[in-house]
Amino acid sequence: LYSHLLIRRFPPRGQAALHLALLLASLCFLPVLPSPSWKPSGAENPVARILGLLAATVGLPYLLLSATSPLVSAWCARRSRGEIPYRLYALSNAGSMLGLLSYPVGVEPFLDSTRQAYSWSAGYAAFVCLCGAAAIRSRNDPAPTGPLRNEPSEDPSPGVRKCLLWVTLAACGAALLLSFTGHMTQNVAAIPFLWMLPLSVYLLSFILCFAEGERYYRRPVFLALLPAAFAGCGWLLRAGVDFRNLPVSVSAFTVALFLFCMFCHGELAAGKPAPAHLTVFYLMISLGGALGGAFVGLAAPFLFPGLVEIHASLLALAVLATFLLVLEARAATGPFWRRAALPCAALLLSTGLAVFVGNEIRGMFRYARVSVRNFYGALRVTDVSAEDGRGIVRKLTHGVINHGVQYLEPGLRGKPTTYYGPGSGVGLALAATRDGAPHRVGVIGLGTGTLAAYGRPGDQYRFYEIDPNVERLSREEFRYLPDSRASVTVVLGDARLSLEREPPARFDLLVVDAFTSDAIPVHLLTREAFALYFRHLSDNGVLAVHVSNKYLDLKPVVRLSAEALGKEARLVDTQDDPEDVNVFGATWVLATGRQGFFDGGPLSSATAIPARPGQRVWTDGYSNLFRALK
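What counts and what doesn't
- Residues numbered from 1 in each chain as written.
- Predicted model: local features only at pLDDT ≥ 70, side-chain atom pairs only at ≥ 80, totals over all residues.
- Heavy atoms only, no water.
- Buried < 20%, exposed > 50% of the residue type's maximum accessible area, 1.4 Å probe, protein only.
- Helix = DSSP H or I, 4+ residues; strand = E, 2+ residues; numbered from the N terminus.
- Pairing = 2+ DSSP bridges.
- Contact = heavy atoms within 4.5 Å.
- Salt bridge = Lys/Arg side-chain N within 4 Å of Asp/Glu carboxyl O.
- Core = buried A, V, L, I, M, F, W, Y, C linked by side-chain atoms within 4.5 Å.

## Notes on the pairing of strand 5 (residues 440-444)
Right, so step 1: Buried residues dominate strand 5, accounting for 4 of its 5 residues.
Right, so step 2: Here strand 5 pairs with strand 6 (residues 460-465) via 5 bridges, running parallel. Along strand 6, the bridge assignment pairs Ile 444 with Tyr 464.
Right, so step 3: The pairing of strand 5 with strand 8 (residues 507-512) spans 4 bridges and is classified as parallel. For Val 443, the partnering residue across the bridge sits in strand 8 and is Val 511.

## Examining the side chain of Asp 580
Right, so step 1: Tracing the backbone through its elements, the reader meets Asp 580 in the loop between strand 10 (568-573) and strand 11 (587-592).
Right, so step 2: We classify Asp 580 as buried; its relative accessible area is 2%.
Right, so step 3: With residues near it in sequence (within four places) discarded, Asp 580 still touches Asp 388, Arg 390, Tyr 407 and Lys 415.

## Digging into the pattern of salt bridges
Right, so step 1: For the structure on display, the rule yields 22 salt bridges.
Right, so step 2: With a closest N to O distance of 3.3 Å, Asp 483 and Arg 413 form a salt bridge. Remark: Arg 413 occurs in the loop between strand 4 (401-407) and helix 13 (425-433) and Asp 483 occurs in helix 15 (residues 480-483); sequence separation between them is 70 residues.
Right, so step 3: The class of Arg 413 is partly exposed, set by a relative accessible area of 31%.
Right, so step 4: Taking the shortest distance from any N to any O, the salt bridge between Arg 479 and Asp 483 comes out at 2.9 Å.
Right, so step 5: What makes Arg 479 partly exposed here is its relative accessible area of 35%.
Right, so step 6: Since its relative accessible area comes to 36%, Asp 483 is described here as partly exposed.

## Looking at the nonpolar core
One recurring pattern in soluble globular proteins is that nonpolar side chains are buried together.
Right, so step 1: Core analysis: the largest hydrophobic core is formed by 122 residues, its most contacted members being Phe 180, Phe 210, Phe 260, Tyr 533 and Leu 543.
Right, so step 2: Grouped together as the second largest cluster of nonpolar side chains are 37 residues, Tyr 461, Val 470, Val 490 and Ala 586 included.

Structure (structure tokens):
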């Protein structure tokens with residue numbers, strides 16, 4: 001919008017002067033490090049605060065960086081007397097893709113966050129010099145007639161229908177990107193960095209569609225492939241589809257997303273206007289992208305109880321493709337039956353897809369007792385028959401991640417399950433730290449509250465949970481908290497912020513179990529976080545960290561953070577319980593300063609954690625998930 005108004009409302013000299021002034025003003029935002037005053041209290045809705053933090057920290061520099069592509073394109077069109085510089089848009093997206101792919105392997109492993117901020121700020125200062133020079137150079141460029149210079153244009157202005165089409169195509173692409181990303185990372189596999197794959201495909205489609213010569217998008221080819229892509233997604237989205245063959249499912253979703261994005265962005269490129277209306281075109285693309293992103297990122301968590309925006313996005317694309325074919329048929333010549341055949345086929349496909357989407361959404365929630373969703377994700381509570389024939393079990397799931405299981409049979413209802421069985425690392429730590437006196441236990445991450453089953457009269461269990469929906473479900477749908485014999489309290493908000501505000505709690509055992517899908521809470525695994533944990537532990541207290549993960553090896557990370565504080569860390573790695581299918585194998589790291597804690601007793605089998613080459617201790621300024629990949 002800024003670029004559009006600048007080009008439309010100001011003469012070349014005014015454009016250069018204003019943009020140069022804002023570029024210089026943006027240097028006041030450097031370095032891009034947030035002020036400590038932005039630290040949240042921990043329990044409030046984070047959306048507004050996150051947006052405010054970003055605006056105050058990097059707002060003006062980000063605005064000017066985002067405005068560069070349409071501004072420079074307009075200046076180039078003015079200088080070249082009307083040549084269409086849309087290849088610059090392809091180059092811009094290629095730069096975005098290069099930054100995306102290079103960051104986790106070329107930046108994060110080598111620079112802590114402070115050095116990253118100063119390096120980025122230095123790079124931005126260089127950008128200000130280059131962009132400022134381009135603005136100064138553009139002051140006296142000759143301009144063709146048209147809105148690029150506030151003069152009447154011979155090129156017809158794009159009408160409302162054309163602008164709405166551009167907005168809708170861009171919104172569809174953005175919504176598909178985010179909905180596919182959410183579905184793949186939560187419902188298919190919790191693989192770290194998996195979100196980079198759909199984003200790379202999205203950017204690649206822009207690069208190909210706006211490349212010079214526009215030879216990569218062929219409408220008949222992609223129209224023919226769309227039904228196959230819809231059918232493939234439909235099969236993968238069926239309720240109950242098993243995703244054990246992850247390479248096939250991830251590849252299928254990625255290919256489908258690529259085809260959908262090529263169609264959306266190819267139609268955008270095919271309908272781009274003359275250079276005189278270039279900034280209007282970019283404005284509509286940006287507006288559409290913002291609307292698509294807002295639908296999935298902001299509106300969907302409040303509109304839908306589950307992750308159904310992928311179904312809505314697919315249906316919207318099918319309707320849009322049908323609409324385009326109808327428009328094309330109306331403008332074409334020839335026999336009516338020939339012109340109507342393709343739109344009718346598309347209409348039948350869209351209708352069939354709508355019926356399928358309705359059935360799937362109904363099926364998703366048919367067997368769920370509760371489905372709730374908020375900023376932190378979608379949760380489902382389901383009752384299923386126990387595989388070992390012990391009646392019914394109730395499950396809490398977040399995507400593909402199991403957050404807790406409880407037997408509903410009265411005699412089994414108090415049995416600890418999943419990763420918290422008596423033989424697990426945390427179960428053994430609880431047994432080893434009990435000395436007859438009342439037990440003080442802190443737990444970061446509530447889930448279904450399974451650990452409360454270990455509570456005895458006089459014990460105090462204090463849970464820290466960031467998601468209010470989790471607390472509500474643990475009390476209303478599960479019985480671990482209500483039935484516990486211990487005194488149980490739940491503190492809502494980010495656990496680290498809560499612990500920072502509280503006086504030392506003198507816990508006998510502090511459990512860190514706050515992992516959700518692939519969203520590893522790095523700030524809970526740093527040396528500074530561990531210093532806070534041991535401040536809240538008694539002198540002989542034990543820290544238990546749950547690090548079960550298919551794709552990340554976090555054991556050395558925990559070991560280094562503990563050893564940096566002079567504590568001993570050992571590993572307790574168990575297998576699935578052969579006598580109870582609902583007690584899973586789990587990987588726990590126990591750390592303590594108590595001498596001889598691992599000598600004899602239930603923890604004598606705990607093993608040392610081998611060092612991992614190149615692994616550094618994580619701090620609040622440095623972490624490296626890429627190096628932690630298995």
